[in-house]
Amino acid sequence: MVRIGFGYDVHRLVEGRELILGGVEIPYAKGLAGHSDADVLVHAIMDALLGAAGAGDIGRHFPDTDPRYKGISSIILLKRVREIIDGRGYIVGNIDAVIVAQAPKLAGYMGLMEGNIARSLNTDMENINIKATTTEGLGFTGIGEGIASYATSIIFKNSGKS
Ligand code: MG
């Protein structure tokens, strides 16, 4: 059985925060505001995986009112999402995601992000594809107010025979 999931997230860009995307610290004048490390890419991926498994969303599993998640690395939460997926008998097929940001340039970090995400999900790097785009200066991402991310995932019911 094959199931598809979709995730979307946005965080505001502010001064005085580190910019973490895909578990990679990226040098930039601003970072994303949020209760956790505000890794907008990983948040979108987690929602895509939870959605595919019919397991709700990250707000349900990791509420931003819970002090345990203050400043936490989203990569740790991604590993927990994998455990939730595992517990429901699914394995990750592949993930495709896009980061929507006017700046900084992200091309040099894609491999690191894909490696972090693949390791967290116990899957091969070829199953993880991260892209980035600008919006040609349009909208909240275009003027640098925030960064958005969209992700899709496919998961399979683990037959236990493989
Ligand atoms: Mg978020």
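Note: the structure precedes this text.
All residue numbers refer to positions counted from 1 along the written sequence of the respective chain. Per-residue local features are limited, in this predicted model, to residues with pLDDT of at least 70; the limit for side-chain atom pairs, both in listing and counting, is 80 or more; totals at the level of whole chains, interfaces and linings are taken over all residues. Water and hydrogen atoms were dropped before computing side-chain values, which therefore reflect all heavy atoms in the structure.

The next thing to look at is helix α4 (residues 110-120). The rule is simple: take the accessible area with a 1.4 Å probe, protein chains only, and divide by the maximum for that residue type; under 20% is buried, over 50% is exposed, in between is partly exposed. In DSSP terms, a helix is any run of H or I states spanning at least four residues, a strand is any run of E spanning at least two, and both are numbered starting from the N terminus. α4 sits mainly inside the fold: 8 of its 11 residues count as buried. When we look at burial in α4, the residues that qualify are M110, M113, E114, G115, N116, I117, A118 and S120. Where α4 is buried, its residues meet β2 (19-21), β3 (24-26), α1 (40-52), α3 (74-87), β5 (90-100) and β6 (128-133). We call two residues contacting when some pair of their heavy atoms lies within 4.5 Å.

In a pair of packed helices, the angle between the axes and the distance between the axes together describe the arrangement. Each axis is a line fitted through C-alpha atoms, and for a helix only the stretch in contact is used; angles between axes span 0 to 180 degrees, taken between their N-to-C directions. Between α1 and α3, the shortest axis-to-axis distance is 10 Å and the interhelical angle comes to 10°. Here α1 is positioned roughly parallel relative to α3, judged by the angle of their axes. Taken together, the residues of α3 that come into contact with α1 (itself represented by V42, H43, I45, M46, L49 and L50) are S74, I75, L77, L78, V81, I84 and I85. Grouping the constituent residues of the contact of α1 with α3 by class yields 11 nonpolar, 2 polar and no charged. Roughly parallel means an angle under 35 degrees; roughly antiparallel, over 145; roughly perpendicular, 65 to 115; everything else is oblique. Gly is placed with the polar residues, together with every amino acid not listed as nonpolar (Ala, Val, Leu, Ile, Met, Phe, Trp, Tyr, Cys and Pro) or charged (Asp, Glu, Lys and Arg).

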